[in-house]
Amino acid sequence: MDFTIRTLRRDEMPWVIDLAAHEGWNPGLHDAECFHAADPDGFLVAERKGEPLGCISAVSYAGRFGFVGLYIVAPALRGEGIGITLWREGMARLSGHVVGLDGVPAQQENYRRSGFELAWNNVRYAGVAQGSEMASAREIVPLGAIDFASLCADDLRVFPAPRDAFLRSWTTMPDATGLAWRRQGRLEGWGLIRRCREGHKIGPLVAEDLPVAQALYAALSASVPASDSIYLDVPQSNPDAMALAKKMGMRAVFETARMYHGTPPDCELNRIYGITTFELG
């Protein structure tokens, strides 16, 4: 083996995001900082004589839940064993964790050979920004108005482990708008829309029910330029989330398979209308 695997440095994260962009994954403009905040040691790079060849994220949340993503080898270097070596190193780092991933459906059998099982499929929907009378509902407040500890507690209803460092970075990133639905002092939904290489993505989008999700989607959509592209990654396990995407006139453009190694986590999937990110869960 004429290459080595090491932990990625923070200043190298833009290279990883560029790789993801070349794969057509349309990352956010400020994903690098947020991803690194989730687990600074959770990104691995393969290199040869100082040249980066490929990468993988193996992010650990609270030492018990892991997520694998950003699994990319430069196209010209595929077939040299770089990818499988990165995979083994990443999985070794997450030994003892329940591990999730969002992979393309065509690779499901390969992931099954590594002990992963299908939990559900996610669908990326595309639409366009548009104004709505629902965008000005009095229950909608800036996400920053929500106590951060309360936000983290609500996130634990839909995510398997604490991710406070990631959420702090994610909810304060530039070129993004976060909104929440608060009724009689109770947090009933929240979401964030961020600028990407192309258009904007909404994620996460969490709500107690479809009307709250629809109102938040409308308000987030209204916060960006009209007719700009909007993307929402929807879990098929939530029929109301699928109904929301269709009601908003969105079209399916991409699909992933959510798979887990170990017992799938017990989350309130009926509250998830938009996945935070395919790369980190």
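Structure: above.
Residues numbered from 1 in each chain as written. Predicted model: local features only at pLDDT ≥ 70, side-chain atom pairs only at ≥ 80, totals over all residues. Heavy atoms only, no water.

Caption draft 1: Broad picture of helix α2 (residues 31–38). α2 sits mainly inside the fold: 6 of its 8 residues count as buried. Regarding α2, the residues found buried are Asp-31, Ala-32, Cys-34, Phe-35, His-36 and Ala-38. On its buried side, α2 packs onto α1 (13–22), β2 (43–48), β3 (51–61), β4 (65–73), α6 (164–170) and β9 (186–195). (Buried < 20%, exposed > 50% of the residue type's maximum accessible area, 1.4 Å probe, protein only. Helix = DSSP H or I, 4+ residues; strand = E, 2+ residues; numbered from the N terminus. Contact = heavy atoms within 4.5 Å.)

Caption draft 2: Seen up close, the nonpolar core. Core analysis: the largest hydrophobic core is formed by 42 residues, its most contacted members being Phe-35, Tyr-61, Phe-166 and Trp-190. Those elements that place two or more of their residues in this core are α1, α2, β2, β3, β4, α5 (148–155), α6 and β9. Top contributing element to this core by residue count: α1, with 5 residues. Filtering out sequence-adjacent residues up to four positions away, Phe-35 remains in contact with Met-13, Ile-17, Phe-43, Leu-70, Phe-166, Trp-170, Thr-277, Glu-279 and Leu-280. With 28 residues, the next largest nonpolar core counts Val-123, Ile-193, Leu-216 and Tyr-273 among its residues. (Core = buried A, V, L, I, M, F, W, Y, C linked by side-chain atoms within 4.5 Å.)

Caption draft 3: Highlighting a nonpolar patch on the surface. Together, Val-104, Val-253 and Phe-254 line one region of the surface with nonpolar side chains, adding up to about 210 Å² of accessible area. Residue position: Val-104 is located in the loop between β5 (98–103) and α4 (108–113). Of the residues examined, Val-104 reaches a relative accessible area of 37% and is grouped as partly exposed. (Patch = residues over 30% accessible without salt bridge, like charges linked within 9 Å, V, L, I, M, F, W, Y side chains within 5 Å. Areas by Shrake-Rupley, 256 points an atom, 1.4 Å probe, with all protein chains shown as cover. Salt bridge = Lys/Arg side-chain N within 4 Å of Asp/Glu carboxyl O.)

Caption draft 4: Region of the structure containing α5. Buried within α5 we find Leu-151, Cys-152, Asp-154 and Asp-155. In a view along the axis of α5, the buried residues occupy a sector of 160 degrees, so they form one face of it. Looking at the buried side of α5, the elements it contacts are α6, β9 and β10 (200–207). (Arc of directions from axis to C-beta.)

Caption draft 5: Up close: the packing of aromatic side chains. Tallying each qualifying case throughout the model produces 13 aromatic pairs. Centroid distance Tyr-61 to Phe-65: 6.2 Å. Interplanar angle 25 degrees. Geometry classified as stacked. When sorted by exposure, Tyr-61 lands in the same class as Phe-65, which is buried. Relative to Phe-116, the ring of Tyr-111 lies with its centre 6.3 Å away and its plane at 65 degrees, an arrangement referred to as edge-to-face. Classification of Phe-116 as buried rests on a relative accessible area of 0%. Following the ring pairs from residue to residue traces out a cluster consisting of Tyr-61, Phe-65, Phe-67, Trp-120, Phe-159 and Tyr-260. Stacked on the ring of Phe-148, the Lys or Arg Arg-168 has its end atom at 4.0 Å from the ring centre. (Phe/Tyr/Trp six-rings, centres within 6.5 Å; stacked < 30°, edge-to-face > 60°. Lys NZ or Arg CZ within 6 Å of the ring centre and 35° of its normal.)

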